[in-house]
Amino acid sequence: TLANYTFAEVDNTGGLRHYESAAWDGILGLGVARSKGAIGVPTPMEALVQGGLLDKPIFAFHLGRCSLEDGCLGGELVLGGVEAQHYSGDFTFMNL
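Residues numbered from 1 in each chain as written. Predicted model: local features only at pLDDT ≥ 70, side-chain atom pairs only at ≥ 80, totals over all residues. Heavy atoms only, no water.

A. Up close: the overall build of the protein chain. Summing up its helical and strand segments, the protein chain has one helix and four strands in all. Mapped from its N terminus to its C terminus, the protein chain presents α and β elements in the order α-β-β-β-β. When burial is assessed residue by residue, the protein chain has 15% of its 96 residues classed as buried. When contacts within the protein chain are restricted to residue pairs at least 6 apart in sequence, long-range pairs at least 24 apart make up 33% of them. As displayed, the protein chain offers around 8,100 Å² of accessible surface, 54% of which is attributable to carbon and sulfur atoms. (Helix = DSSP H or I, 4+ residues; strand = E, 2+ residues; numbered from the N terminus. Buried < 20%, exposed > 50% of the residue type's maximum accessible area, 1.4 Å probe, protein only. Contact = heavy atoms within 4.5 Å. Areas by Shrake-Rupley, 256 points an atom, 1.4 Å probe, with all protein chains shown as cover.)

B. Summary view of the packing of aromatic side chains. Applying the stated criterion to the full structure yields two aromatic pairs. On the basis of an interplanar angle of 85° and a centroid distance of 6.0 Å, the ring pair of Phe59 and Phe61 is categorised as edge-to-face. Relative accessible area serves as the criterion here: at 43%, Phe61 is assigned to the partly exposed category. Taking the centre distance of 4.6 Å and the plane angle of 55° together, the rings of Tyr87 and Phe91 count as tilted. (Phe/Tyr/Trp six-rings, centres within 6.5 Å; stacked < 30°, edge-to-face > 60°.)

C. How the structure looks around the state of the cysteines. Inspection of every chain in the model, using the stated rule, returns one disulfide. Between the sulfur atoms of Cys66 and its disulfide partner Cys72 the distance amounts to 2.0 Å. Taking the torsion about the S-S bond as the criterion, the Cys66 to Cys72 disulfide, at about 105°, is right-handed. Judged by its relative accessible area of 56%, Cys66 falls in the exposed class. (Disulfide = S-S within 2.5 Å.)

D. Structural detail: a nonpolar patch on the surface. Taken together, Phe7, Leu28, Phe59, Phe61, Leu63, Leu77 and Leu79 make up a surface patch of nonpolar side chains, about 660 Å² in accessible area. Elements represented by at least two residues in the nonpolar patch include exactly β1 (59-62) and β4 (76-79). Tracing the backbone shows Leu63 in the loop between β1 and β2 (65-67). Note on Leu63: relative accessible area 68%, which makes it exposed. (Patch = residues over 30% accessible without salt bridge, like charges linked within 9 Å, V, L, I, M, F, W, Y side chains within 5 Å. Salt bridge = Lys/Arg side-chain N within 4 Å of Asp/Glu carboxyl O.)

E. Layout of the confidence of the model for the protein chain. Per-residue pLDDT for the protein chain has a mean of 79; in total, 83% of the residues score no lower than 70. The element-level mean pLDDT for the protein chain is lowest in strand β3 (residues 71-73), coming to 80, with β4 highest at 90. (pLDDT = per-residue confidence, 0-100.)

F. Region of the structure containing unusual backbone geometry. Unlike most non-glycine residues, Asn4 shows phi in positive territory, near 55°. One can find Asn4 in the segment before α1 (44-50). The class for Asn4 is exposed, based on a relative accessible area of 83%.

G. Quick look at the environment of Pro57. Relative to the elements of secondary structure, Pro57 occurs in the loop between α1 and β1. By relative accessible area, Pro57 is classed as exposed at 59%. Put simply, Pro57 and Gly81 are 24 residues apart on the chain and 7.8 Å apart in space, counted from C-alpha to C-alpha. Excluding anything up to four places from it in sequence, Pro57 contacts Met45 and Val49.

Structure (structure tokens):
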């Protein structure tokens, strides 16, 4: 649990002025922040890393898929690691 962290979800941007031109942080603030996010606070990923809540400072997506044969199979987001069943090969890491 990430204690004392304020998080907001926006599902309707109709009343937000200047929404398209605002400095947003990307998907859930997973990217590397050049500054402290759009509102002056650490991104969720930064806060999790700083709080020692992740095994590693990495994340992975497994995107779901839909087919006529199988229907829709869900995706997942893994924070602090990866799921070996969803990839093959090696990772190459780069400092940003």
